[in-house]
Amino acid sequence: MITEQEFHRIVVYVKQKYGIDLNGKQILVNGRMENYLLRNGYSGYDEYMTKVEKNPKGEEARNLINVLTTNHTYFMREFEHMDFMRKVVLPQIKAKEAGKRDVRIWSAASSTGEEPYTIAMVLKDFFGLDHKMWDTRVLATDLSTKVLEQAQRGKYLKEQIDPLPEGWKRRFFKRVNELEYQVTPELKQELIFRQFNLMNPFPFRKKFHVVFMRNVMIYFDEKTKRELVQKVYDVLEPGGYFFIGTTETIDRNSTPFQIIQPSIFRK
């Protein structure tokens, strides 16, 4: 069982490096880490953390995040956001960007890929035959390299893609075998995958029309959350949209965003 001291060491490191607040999550940390340490032959938490701290860019530091962050996501999750995007957001972007034909959308906690692939399907659907004339590639980033690799593979179980409309399944997925389906190359080329830590400065040259950052702020304390929301505000185009998880909240008094719906904000 993890000791107070060992737990504190992990909490401090993860908060400093990634902004993630693990306070009060001792059982979760122990549950996730214990097996990992045993499987990889560590004598205990201290030996492991010494290795992580010595090389914060190394493989073990990456593994720490892969093991600790939950990545529970699925196709069509909070689909009301996609609906809102199709009916409200994309017609506005199409009118505004008719000259440049450049749509910039960032899926900032892309996990195993369900969210950015769904966004790409909505875009293809919306633009229809005009799609080829627009640059609609979606930037998909995550802190965890493990889930990004999974997203890049684009392989999903039959029950994972079941919630999708039949037309989308036929158009954007190829059956591999009884159990698995593969995203088509046509859809995959619509995504740009990158590993990214939201605590780092945002390096983007162009501003986004839409940022999705759903179900990630649950990991952050209020101060970190406020700073992050401000950073998102700064990288959005005027009139740009920001989507968060339907169970998440932003402090209305401290945000410059206009609130459209409880989880949809506009600059």
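Above this text sits the structure in question.
Residues numbered from 1 in each chain as written. Predicted model: local features only at pLDDT ≥ 70, side-chain atom pairs only at ≥ 80, totals over all residues. Heavy atoms only, no water.

**Student:** Just to check I follow, could you spell out the nonpolar core for this structure?
**Tutor:** Generally speaking, nonpolar side chains in soluble globular proteins are found buried as a group. If you look at the biggest cluster of nonpolar residues, it comprises 49 residues, and the most contacted ones within it are Trp106 and Phe242. When contributions to this core are tallied by element, the ones reaching two or more residues are helix 1 (4-18), helix 2 (26-39), helix 3 (45-54), helix 4 (59-68), strand 7 (208-213), helix 11 (222-234) and strand 8 (236-244). It is helix 1 that contributes the most residues to this core, six residues altogether. The contacts of phenylalanine 242, once residues within four sequence positions are left out, are Val211, Met213, Met217, Val229, Val232, Leu236, Ile250, Phe257, Ser263, Ile264 and Phe265. With 37 residues, the next largest nonpolar core counts Tyr117, Ile119, Ala120 and Trp168 among its residues. (Core = buried A, V, L, I, M, F, W, Y, C linked by side-chain atoms within 4.5 Å. Buried < 20%, exposed > 50% of the residue type's maximum accessible area, 1.4 Å probe, protein only. Helix = DSSP H or I, 4+ residues; strand = E, 2+ residues; numbered from the N terminus. Contact = heavy atoms within 4.5 Å.)

**Student:** Is there a simple way to explain the pairing of strand 7 in this structure?
**Tutor:** Moving residue by residue along a regular strand, the side chains alternate between the two faces of the sheet. When you tally the buried positions in strand 7, you get six out of six residues, the bulk of the element. Pairing between strand 1 (residues 105-107) and strand 7: three bridges, direction parallel. Across the sheet, isoleucine 105 pairs through a bridge with valine 210, a residue of strand 7. In terms of strand pairing, strand 7 meets strand 8 through five bridges, oriented parallel. Residue pairing across strands places phenylalanine 208 opposite leucine 236, the latter belonging to strand 8. Considered for its hand, the β-α-β crossover made up of strand 7, helix 11 and strand 8 is right-handed. (Pairing = 2+ DSSP bridges. Right-handed = clockwise from strand over helix to strand, strands pointing away.)

**Student:** Just to check I follow, could you spell out helix 11 for this structure?
**Tutor:** Each α-helix turn comprises 3.6 residues. Residues three or four places apart therefore point the same way. A rise of 1.5 Å per residue sets the reference length of helix 11, with its 13 residues, at 18 Å; its end C-alpha atoms lie 18 Å apart and thus fit the reference within 8%. Within the span of helix 11, buried status applies to Thr224, Lys225, Leu228, Val229, Val232 and Tyr233. (Expected span 1.5 Å × (residues − 1).)

**Student:** Would you explain unusual backbone geometry in this entry?
**Tutor:** Trans peptide bonds make up most of the peptide bonds, and negative phi angles are found at most residues other than glycine. Although it is not a glycine, glutamate 78 sits at a positive phi angle of roughly 50°. You can see glutamate 78 is positioned in the loop between helix 4 and helix 5 (79-96). The buried category is assigned to glutamate 78, whose relative accessible area is 12%. Phi is positive for serine 111, which is not a glycine, with a value near 50°. For serine 111, the position within the fold is in the loop between strand 1 and helix 6 (114-127).

**Student:** I keep staring at helix 3 and nothing clicks. Help me out?
**Tutor:** Taken together, the buried positions of helix 3 are occupied by Tyr45, Tyr48, Met49 and Val52. Summarising the axial view, the buried residues of helix 3 lie within an arc of 95°, below the 170-degree limit, and thus occupy one face. Summarising the contacts, the buried residues of helix 3 are in contact with helix 1, helix 2 and helix 4. (Arc of directions from axis to C-beta.)

**Student:** So what exactly am I meant to see when it comes to the side chain of threonine 112 here?
**Tutor:** By the element assignment, threonine 112 lies in the loop between strand 1 and helix 6. Of the residues examined, threonine 112 reaches a relative accessible area of 9% and is grouped as buried. Side chain to side chain, threonine 112 and glutamate 114 meet in a polar contact 2.7 Å long. If near-sequence neighbours (up to four positions away) are discounted, threonine 112 is found in contact with Thr73, Val147, Gln150, Ala151 and Tyr156. (Polar contact = N/O pair within 3.5 Å; in protein donor to acceptor, adjacent residues only side chain to side chain.)

Read these as geometric descriptors, not functional statements.
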